[in-house]
Amino acid sequence: MEASASGPWADANRRDATAMVRQIHVVGAVIISRCNVLCVQRGPDGPLPLMWEFPGGKIEAGETPQAALKREIYEELLCEVAVGDEVTTTSYKYEFGVVHLTTFYCELVYGSPQLVEHAALKWSDARQLRSLEWAPADIPAIEIIQHRLGPAQTSN
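Note that this is a predicted model, so its numbers are computed, not measured.

S.K.: Explain the overall build of the chain here, please?
M.R.: Helix and strand content of the chain: 3 helices and 7 strands. Listing each helix as α and each strand as β along the chain from the N terminus yields α-β-β-β-β-α-β-β-β-α. Taken across its 156 residues, the chain has 39% of its residues classed as buried. For the chain, the accessible area works out to roughly 9,200 Å², and carbon and sulfur atoms hold 51% of it.

Written out as structure tokens, the structure is:
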């Protein structure tokens, strides 16, 4: 029979276990062009193999989320973006840690996205985003984007 503790010591132990889970703060770019959204596919060998996501990456120490996003887009796609409004911030617990993802609407200001780190990239109609297999942390942003862009597309 397994013993279970209760009371203040048990609560403190649960908090300590939660604090030991790796916390990963990342940013993602929702780049829109002509009502299409840029989607990138993760490689086959890392975490979340071949899942789709918004391009971006980890926020480095001392960096603002916006500066991190500009840097990551340049490193990953060899182009520059202007970072606009925040779409949403979500947290998702994966087996490797808790990812805190903040997504921003972005506009391409220089260059064309090129594959550097990802397996594939595609421009997807906002209404079709859910047809891809997305990393779970990205899904709440997709719902917001579809709500914002979807109705405008159907009236054109």
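S.K.: Would you mind going over the side chain of E53 with me for this structure?
M.R.: Along the chain, E53 falls in strand β3 (residues 52-53). The exposure class assigned to E53 is buried, which follows from its relative accessible area of 12%. Side-chain polar atoms of E53 contact the side chain of R42, separated by 2.9 Å. Those residues within four positions of E53 in sequence are excluded, and the remaining contacts are C39, V40, R42, H118, W134 and D138.

S.K.: Whenever I open this one, the pattern of salt bridges confuses me. Can you help?
M.R.: Any two side chains of opposite charge can pair, given that their charged atoms come close. Taken as a whole and judged by the stated rule, the model has 7 salt bridges. As a salt-bridge pair, E75 and R71 come within 3.3 Å of each other at their nearest N and O atoms. One end of the pair, E75, and the other, R71, are both in helix α2 (residues 65-77), 4 residues apart, so they sit about a helical turn from each other. Look at E75 and you get partly exposed, because its relative accessible area is 38%. Under the relative-accessibility criterion, R71 is labelled partly exposed at 21%. Residue E143 pairs with R130 through a salt bridge whose shortest N-O separation is 3.3 Å.

S.K.: What's the story with unusual backbone geometry in this structure? I'm lost.
M.R.: Phi is mostly negative for residues that are not glycine, and the peptide bonds are mostly trans. Phi is positive for L48, which is not a glycine, with a value near 55 degrees. Mapped onto the elements, L48 comes out in the loop between β2 (36-41) and β3. Residue class for L48 comes out buried when judged on its relative accessible area of 18%. Positive phi, close to 65 degrees, is recorded for L50, a residue that is not glycine. Position of L50 relative to the elements: it lies in the loop between β2 and β3. Relative accessible area serves as the criterion here: at 40%, L50 is assigned to the partly exposed category.

S.K.: Explanation requested: the environment of L38 in the structure shown.
M.R.: Counting through the fold element by element, L38 comes out in strand β2. Looking at L38, the relative accessible area reads 0%, which means it is buried. Taking the C-alpha atoms as reference points, L38 and L121, separated by 83 residues in sequence, lie 7.1 Å from one another. Residues contacting L38, with those up to four places away along its chain left out, are I31, F54, P55, L77, P113, L121, K122 and W123.

S.K.: Would you mind showing me how to read the pairing of strand β6 (residues 97-110) here?
M.R.: If a strand is regular, its side chains alternate between the two faces of the sheet. With respect to burial, β6 is a largely interior element, 10 of its 14 residues being buried. Note: strand β1 (residues 23-33) against β6, 9 bridges, orientation parallel. Pairing of I31 across the sheet is with C106, part of β6. Bridging between strand β5 (residues 80-94) and β6 involves 12 bridges; their strand directions are antiparallel. By the bridge assignment, Y94 is partnered in β6 with G97. Between β5 and the antiparallel strand that follows it, β6, lie 2 residues.

How each quantity is defined
Residues numbered from 1 in each chain as written. Predicted model: local features only at pLDDT ≥ 70, side-chain atom pairs only at ≥ 80, totals over all residues. Heavy atoms only, no water. Helix = DSSP H or I, 4+ residues; strand = E, 2+ residues; numbered from the N terminus. Buried < 20%, exposed > 50% of the residue type's maximum accessible area, 1.4 Å probe, protein only. Areas by Shrake-Rupley, 256 points an atom, 1.4 Å probe, with all protein chains shown as cover. Polar contact = N/O pair within 3.5 Å; in protein donor to acceptor, adjacent residues only side chain to side chain. Contact = heavy atoms within 4.5 Å. Salt bridge = Lys/Arg side-chain N within 4 Å of Asp/Glu carboxyl O. Pairing = 2+ DSSP bridges.

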